[in-house]
Structures are given as structure tokens and as C-alpha cells.
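Examining the three-dimensional arrangement
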Amino acid sequence: HNLVNLGKINKESRVLIHGASSGIGLSAVQLCRLFNCRQVFGTAGNAEKCKFVEERAGATKCFNYKTDDWVAQVKEETGGEGVDVILDMVAGSYVAQDVEACAVEGTIVFIATLGGDPASVPILQVMKKRLTLTGSTLRARSLEFKGDLVKQVERDVVPKWVSGDYMIHVYKEFSVRDAVEAHRLMETSQHIGKIVMKVIP
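Residues numbered from 1 in each chain as written. Predicted model: local features only at pLDDT ≥ 70, side-chain atom pairs only at ≥ 80, totals over all residues. Heavy atoms only, no water.

A grouping of Val153, Val158, Trp161, Val162, Ile168 and Val170 is seen on the molecular surface, where their side chains present a nonpolar patch of about 530 Å² in accessible area. No other element matches the three residues that helix α8 (residues 158-163) contributes to the nonpolar patch. Within the secondary structure layout, Val170 lies in strand β7 (residues 170-175). Exposure remark for Val170: the relative accessible area of 35% places this residue in the partly exposed category. (Patch = residues over 30% accessible without salt bridge, like charges linked within 9 Å, V, L, I, M, F, W, Y side chains within 5 Å. Areas by Shrake-Rupley, 256 points an atom, 1.4 Å probe, with all protein chains shown as cover. Salt bridge = Lys/Arg side-chain N within 4 Å of Asp/Glu carboxyl O. Helix = DSSP H or I, 4+ residues; strand = E, 2+ residues; numbered from the N terminus. Buried < 20%, exposed > 50% of the residue type's maximum accessible area, 1.4 Å probe, protein only.)

Take a look at the structure:
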């Protein structure tokens, strides 16, 4: 929904995915690849995660947000133009950087606020570049809307998963009884992909 319906990705799109080594991020990178996007970039927290995003998920390039100037690198990789679509789960201080990294008439889609809310937005730059800032959350949406999204995933993604062209990476599984341990692991940000909790009847 966020990339296809709001971001309107297509074969000409240059896309930046923040948190690219997370479960959502890895899915987003691969979805861009399924839509044959021109370039797909990501950000992640260390070299191991960046390597995984590039080699396993298929990103054009992944930037270490702790050590790299990812805005400058995005500009360099796109010939100074910037990206057409940014999927942002961080917000906070990233918003101003997103605006800088975005190409003219680009779209920034917010899906979470891990970096905090509210944020400072350079409105003049948004106006000059004619940017679209949007976002969504599923919590407030109707069951009908959610059902339509499930059908869309079943149609576009599940066949690719079955054929092996789409990866769902599970970092570690926990019993629901070990929820505290699972949460501790998640807080370390060491994982790549999903942490799964198994509910045993």
C-alpha cells in the first residue's frame, strides 16, 4: 500500500528505504525489485546489515546511517538528483534529511515515528521541489480495506514467495512464554529481519 498506492513506484523510480534490514525494510526492498524500480537504496545500522540488504534483498546500495552521510551518498548515486520515493519509519530528525535527499516532485511516505514526533520540516524546500509528504497506519482502517490489502499481497507477492523469488527472513523464533527475552533482543537492534513469537495452543 505505502510503496505501490502512495509512493506509486514503477520501473523509473529511484527509492530509498530506511530501516532496510528490518522485516518491513527487507520486504520493501524486495517489493521495489518486483516492480523493477530503477534504483533501490537502503539505510541500516552496521556493515553486516548493509551487506545483507545488498546481497540478499537486492538493494542497489545500502548506507550505514551511523557512519555514512547517506544524503550525500544518495545524491552521488543519483547524479545529484535524489530519489523519487522515500519510505520512512524513523521521522524525527530524518524528515529534513529526507527532503534534501528527495528529487523534484518526489514523495516521502511515513509509516512510523521511531525517531520521534513532531519533526522540523523545511517547508520552503518542500515547496521548491513540489514534494508530497504522506503516510499511513493500518490501525484506524476498516476490515474491508485491510482485506483488500491482503488480496493484493496474495496476488502480487505470495506467488513470488512460493517460487523462491521473494524472501521472508526470520532472525530468531521464540515461544510466547519467552516474550521478555524476545523483546530484549529487539531492543538491541542486532537482528536482521523478523523476530517471530510462536503461540503454542
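This part is about the nonpolar core. In summary, soluble globular proteins display a tendency toward joint burial of nonpolar side chains. Residues Leu3, Ile9, Val15, Ile17, Val29, Cys32 and Val53 are the most contacted members of the largest nonpolar core, which totals 26 residues. For this core, the secondary-structure elements that each account for two or more residues are β1 (14-17), α2 (23-34), β2 (39-44), α3 (47-55) and β4 (83-88). At five residues, α2 tops the list of elements feeding residues into this core. Among all residues touching Ile9, those that are not within four sequence positions of it are Leu3, Val4, Val15, Leu31, Cys32, Phe35, Cys37 and Val85. (Core = buried A, V, L, I, M, F, W, Y, C linked by side-chain atoms within 4.5 Å. Contact = heavy atoms within 4.5 Å.)

This part takes up the packing of helix α4 (residues 70-77) against helix α5 (residues 94-101). Contact geometry of α4 with α5 gives a least axis separation of 9 Å together with a crossing angle of 15°. Here α4 lies roughly parallel to α5, going by the angle between them. Our pair here, α4 against α5, has a crossing hand that is right-handed. Contacts from Trp70, Val71, Val74 and Lys75 of α4 reach α5 at Tyr94, Gln97, Asp98, Glu100 and Ala101. Tallied by class, the residues present in the contact of α4 with α5 amount to five nonpolar, one polar and three charged. (Axes fitted to C-alpha atoms, helices over the stretch in contact; angles between N-to-C directions. Parallel < 35°, antiparallel > 145°, perpendicular 65-115°, else oblique. Left-handed = near helix turned anticlockwise from the far one by under 90°. Nonpolar A, V, L, I, M, F, W, Y, C, P; charged D, E, K, R; others polar.)

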